[in-house]
Amino acid sequence: MSINASALPAGRPVKLGLDRDGLIKRLFMAVIALYLIVTLALPLYAMMSKSFSTFSFELDRYAFQVSDGQGNWSVPVTAAELNEKLDVVSQQELASTSDGRLAATQFFPDFSFRSPVRYRIRGTVEHAPYLVGLEYHNSREWQEFDSNTFRRINLRPVRSIGVQNYVAYFSTPSLVGSIRNSLFIASISTVLTVGLAFGFAYAMNRSCMPFKGAFRLIALMPILVPSLLPGIALIYLFGNQGMLKSLMMGHSIYGPIGIIVGSVFFTFPHALIIISTALNISDQRQYEAAEALRTSKWRTFWTVTVPGARYGLISAVFVTFTLVITDFGLPKVIGGQYNVLAVDIYKQVIGQQNFEMGAVVSVILLVPAVFAYVVDRLVQKKQVALLTARSVPYSPKPKRGFDMACLAWCGLIATFIVGIIATCQFAALVKFWPYDLSLGLGNYAFNRMDGGGWSAYTNSIQLGLLTAIVGTVVIFIGAYMVEKVQGFAAGRALFQFLAMLPMAVPGMVLGLAYIFFFNNPSNPLHFIYGTMIILVISTVTHFYTVGHLTAVTALKQIDGEFEPVATSLRQPFYRLFSRVTVPVCLPAILDISIYLFVNAMTTVSAVVFLYSTETNLASVAVLNMDDAGDIAPAAAMGMMIFYTNAGARLLHALASRSLLSRTQVWRKA
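Since this is a predicted model, take the numbers as computed values, not measurements.

Conventions and cut-offs
Residues numbered from 1 in each chain as written. Predicted model: local features only at pLDDT ≥ 70, side-chain atom pairs only at ≥ 80, totals over all residues. Heavy atoms only, no water. Salt bridge = Lys/Arg side-chain N within 4 Å of Asp/Glu carboxyl O. Helix = DSSP H or I, 4+ residues; strand = E, 2+ residues; numbered from the N terminus. Buried < 20%, exposed > 50% of the residue type's maximum accessible area, 1.4 Å probe, protein only. Contact = heavy atoms within 4.5 Å. Pairing = 2+ DSSP bridges. Axes fitted to C-alpha atoms, helices over the stretch in contact; angles between N-to-C directions. Nonpolar A, V, L, I, M, F, W, Y, C, P; charged D, E, K, R; others polar. Patch = residues over 30% accessible without salt bridge, like charges linked within 9 Å, V, L, I, M, F, W, Y side chains within 5 Å. Areas by Shrake-Rupley, 256 points an atom, 1.4 Å probe, with all protein chains shown as cover. Phe/Tyr/Trp six-rings, centres within 6.5 Å; stacked < 30°, edge-to-face > 60°. Lys NZ or Arg CZ within 6 Å of the ring centre and 35° of its normal. Arc of directions from axis to C-beta. Core = buried A, V, L, I, M, F, W, Y, C linked by side-chain atoms within 4.5 Å. Parallel < 35°, antiparallel > 145°, perpendicular 65-115°, else oblique.

Chemist: I'd like a description of the pattern of salt bridges, backed by residues and values.
Modeler: When charged atoms on two side chains of opposite charge get close, those side chains can pair. A full pass over the atoms with the stated rule returns six salt bridges. Notably, a salt bridge pairs Glu144 with Arg118, separated by 2.8 Å at the nearest N-O pair. Here Glu144 is found in strand S9 (residues 143-146), whereas its partner Arg118 is found in strand S6 (residues 118-123), with 26 residues between them in sequence. Looking at Glu144, the relative accessible area reads 38%, which means it is partly exposed. With a relative accessible area of 33%, Arg118 lands in the partly exposed category. The residue Asp627 makes a salt bridge to Lys332 at a minimum N-O spacing of 2.7 Å. Of the two residues, Asp627 is situated in helix H26 (residues 618-627) and Lys332 in helix H14 (residues 329-334); the sequence distance between them amounts to 295 residues. Residue classification places Asp627 among the partly exposed residues on the basis of a relative accessible area of 40%.

Chemist: I'd like to hear about helix H21 (residues 532-542), residue by residue, with values.
Modeler: Quick reminder: α-helices carry 3.6 residues per turn. Residues three or four places apart thus point the same way. Across the 11 residues that make up H21, a large majority, 10, are buried. What H21 keeps buried is the set Met532, Ile534, Leu535, Val536, Ile537, Ser538, Thr539, Val540, Thr541 and His542. Packed against the buried residues of H21 are helix H2 (20-51), helix H18 (453-484), helix H20 (507-518), helix H22 (544-556) and helix H25 (586-602).

Chemist: Please give an account of the pairing of strand S1 (residues 53-56) that cites residues and values.
Modeler: Going residue by residue along S1, you find Ser53 and Phe55 tucked away on one face and Thr54 and Ser56 tucked away on the opposite face as well. Relative to strand S4 (residues 95-96), S1 runs antiparallel, the two sharing two bridges. Bridge assignment links Phe55 to a residue of S4, and that residue is Ser96.

Chemist: Describe the sheet that holds strand S8 (residues 135-137), with residues and values.
Modeler: Taken in spatial order, the four strands line up as S5-S10-S7-S8 in an open sheet, and their pairing is antiparallel. The sheet is open, and its two edges are formed by strand S5 (102-103) and S8, each paired on a single side. Bridge count between S5 and strand S10 (residues 153-155): two bridges; the pairing is antiparallel. Counted as the bridge partner of Leu102 is Leu155 from S10.

Chemist: Summarise the packing of H18 against H26; cite the residues concerned and give the values.
Modeler: Helix packing for two helices is described by the angle between their axes and how far apart those axes are. The contact between H18 and H26 brings their axes to 7 Å, and the two run at 145 degrees. Between H18 and H26, the residues in contact are Ala456, Tyr457 and Ser460 and Ala618, Ser619 and Ala621, respectively. Here the residues of the contact of H18 with H26 are counted per class, giving four nonpolar, two polar and no charged.

Chemist: Describe a nonpolar patch on the surface, and please don't skip the residues or the numbers.
Modeler: Taken together, the side chains of Leu465, Leu466, Ile469, Val470 and Val473 present a nonpolar region at the surface, about 410 Å² in accessible area. Relative to the helices and strands, Ile469 is located in helix H18.

Chemist: If you had to explain the packing of aromatic side chains to someone new, which residues and values would you point to?
Modeler: Aromatic ring pairs are reported here in terms of the distance separating the ring centres and the angle at which the planes meet. By the definition in use, this model includes 35 aromatic pairs. Members of the aromatic cluster, joined through ring pairs, are Phe64, Phe107, Phe108, Phe111, Tyr119 and Phe150. Across from the ring centre of Trp73, 4.0 Å away, lies the NZ or CZ of Arg120, which sits over that ring. The cationic tip of Arg151 hangs over the ring face of Phe113; the distance from NZ or CZ to the ring centre is 4.3 Å.

Chemist: Could you give an account of the side chain of Ser53, with specific residues and numbers?
Modeler: Looking at where Ser53 falls in the secondary structure, it is placed in strand S1. Classification of Ser53 by relative accessible area gives buried; the value is 1%. The residues touching Ser53, leaving out its near neighbours within four places in the chain, are Arg159, Ser160, Ile161, Asn165 and Glu356.

Chemist: For helix H3 (residues 79-86), give the residues involved together with the corresponding values.
Modeler: Taken as a whole, H3 has its buried residues at Ala79, Leu82 and Asn83. Considered in projection along H3, the buried side chains sweep an arc of 95 degrees and stay on one side of the axis. For H3, exposure combined with an orientation more than 90 degrees from the buried face picks out Glu84 and Lys85. Two residues or fewer past H3, Asp87 is found with a positive phi of approximately 55 degrees.

Chemist: Now, about the nonpolar core: what can you tell me, with residues and values included?
Modeler: General note: in soluble globular proteins, nonpolar side chains tend to be found buried as a group. With 166 residues, the main nonpolar core has Phe200, Ile275, Phe328 and Phe609 as its most contacted residues. No other element matches helix H10 (residues 256-280), which puts 11 residues into this core. In terms of nonpolar packing, the next biggest core, distinct from the first, is built from 22 residues, Tyr62, Leu82, Phe111 and Val132 among them.

Chemist: Kindly report on unusual backbone geometry, identifying the contributing residues and their values.
Modeler: Although it is not a glycine, Asp87 sits at a positive phi angle of roughly 55 degrees. Tracing the sequence through the fold places Asp87 in the loop between H3 and helix H4 (91-94). In this structure Asp87 comes out as exposed when scored by relative accessible area, which is 59%. The backbone of Phe211 sits at a positive phi, close to 65 degrees, despite the residue not being glycine. One can find Phe211 in the loop between helix H7 (173-206) and helix H8 (212-219).

Chemist: Please provide a residue-by-residue account of the packing of helix H19 (residues 489-500) against H22, values included.
Modeler: Packing of H19 against H22 brings their axes to within 8 Å, and their N-to-C directions diverge by 130 degrees. The pairing of H19 with H22 is recorded here as oblique in orientation. Counted together, Phe495, Gln496, Ala499 and Met500 of H19 and Tyr544, Thr545, His548 and Leu549 of H22 form the full contact between these two elements. In terms of residue class, the contact of H19 with H22 is built from five nonpolar, three polar and no charged.

Chemist: So what about the sheet that holds strand S3 (residues 77-78)? Which residues, and what values?
Modeler: Across the sheet, which stays open at both edges, the four strands sit in the order S3-S2-S6-S9 with antiparallel pairing between neighbours. Single-partner strands in this sheet number two, and they are S3 and S9. The pairing of S6 with S9 spans four bridges and is classified as antiparallel. What sits directly across from Arg120, in S9, is Glu144.

By themselves, these observations are geometric and do not establish any function.
The following block contains the structure:
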């Protein structure tokens, strides 16, 4: 008998069973994925749908009848026939927004509300909406009104689907110009910021200059203030009544110059962190080899240093570009008449109540942000490890001339950063610039000014604390579940996509999407609109990606053998989670919490559409006070945000040191 004849027949493929822990993990992952779908994917879908919604008055949907003095009714005639005869509404005027109204009396030139004449109106089709005062009507039955009531009748526009909004956008030169302006501002700011940040990071990592710790603290200060604050400082320095206006040589700070200088200020620490990390990882042996080969310093720089940091530079370019092109606060404060995309969204929604066009601008703003994000992700996938087990970390050697040059470079940039902050503090204390330069605390009397008062400040602290607590729990549990779930590749890939998506969505776009989704009365979650809950949700969602990446990075440091060992010992996963995972990842958890708190205090773009009178925020108050001309109180509120974030950072550092000293002893063993 042959071997094949004696072999047993093939059975069914072996599949691993799903135990109770695995089922619970997938359930948690599904819950958080559902959170991201409801708070991110569905609002974005609602916004994109809105951008294709077109509203116009369709006059053939309405028919009228008019009585004479004896009560005899005229032959029914449609509004379209009347308009064709009288030409009272042009084709351009028929295009409308969702809130448009067209008075019915326009089609009756002899109309008088004191007349005894009576009027009838009905729809010629099923959907023919009109208002009588504030009362909504939509009927094919004749409705009769006296003249005094008829003057309160307004026809409502009808929704259709099409690309007319996009056609209208690209047919408006002022709106199209915003695309060009945004790209110009973002490109110039990116080049300047990355260049300055590279020089600063190079000095910090490749020199032996003194005061490195102080320079590092100063360089990170812009993260602690809202992006509006440098705009206020630049107005005090170079504005119409600025201290250094003569340095502008006839140019105006209100416009592209002010936006670029302010953008360099607030994006500098973001670029610096990325580039500094890239320069910090280098192999000493490569520089020794270059020196042995008598390669010039200049050639070594271009053949060793720059290639080693190229991925960090590419990331810094895309991060800076995205931050600038999506920023709303700075162009709003100092942009003057120079339109950019983010401000256009605000003008369309708040200024003109044209939500459809605001959605169109949002979709256009998404394009460069998503493009930059996708390219960055593709480039990062090509990154390989530059530091191996045999590498020798680079250690700079003292060189007096080079060290002094680095000190001068960093001192110049530190002076710029400290100067902006100091100017804001000076503006907050001066009684009445430039006429009364005596100092006082009158600008801190927020309750006597527009903007929300001190309650706006306390609301921001409440938002920061809730965002830090809720966001850290949601983000870390989500990262844990997606990292520790076995199998279920499709579900994990979908979750990763949802977790990475917020990084590509600008805050203004997210805020507008929330209006369309949560402000819909048919939405079961409509009740959270205008409350602190929606502010917390929007902030957590807006900054979800960075927290998720931080948590995943920390979780990857834990050996995957812990889970099988715990299972073999019949220990449930939540015990392993609480006794091993959380203590090991505690530094990352603390970093996520302070990151969320600081950003919740400074964010403007995502919440400017969502706050109510009860939930006004300090960052929005800065914007509102600046709009009202109260620039000094706006600077004072901005400084309160700065001091709060600085205090939170200090408390976080002290608490972390105390907590980590008790829970991270094993790291020193």
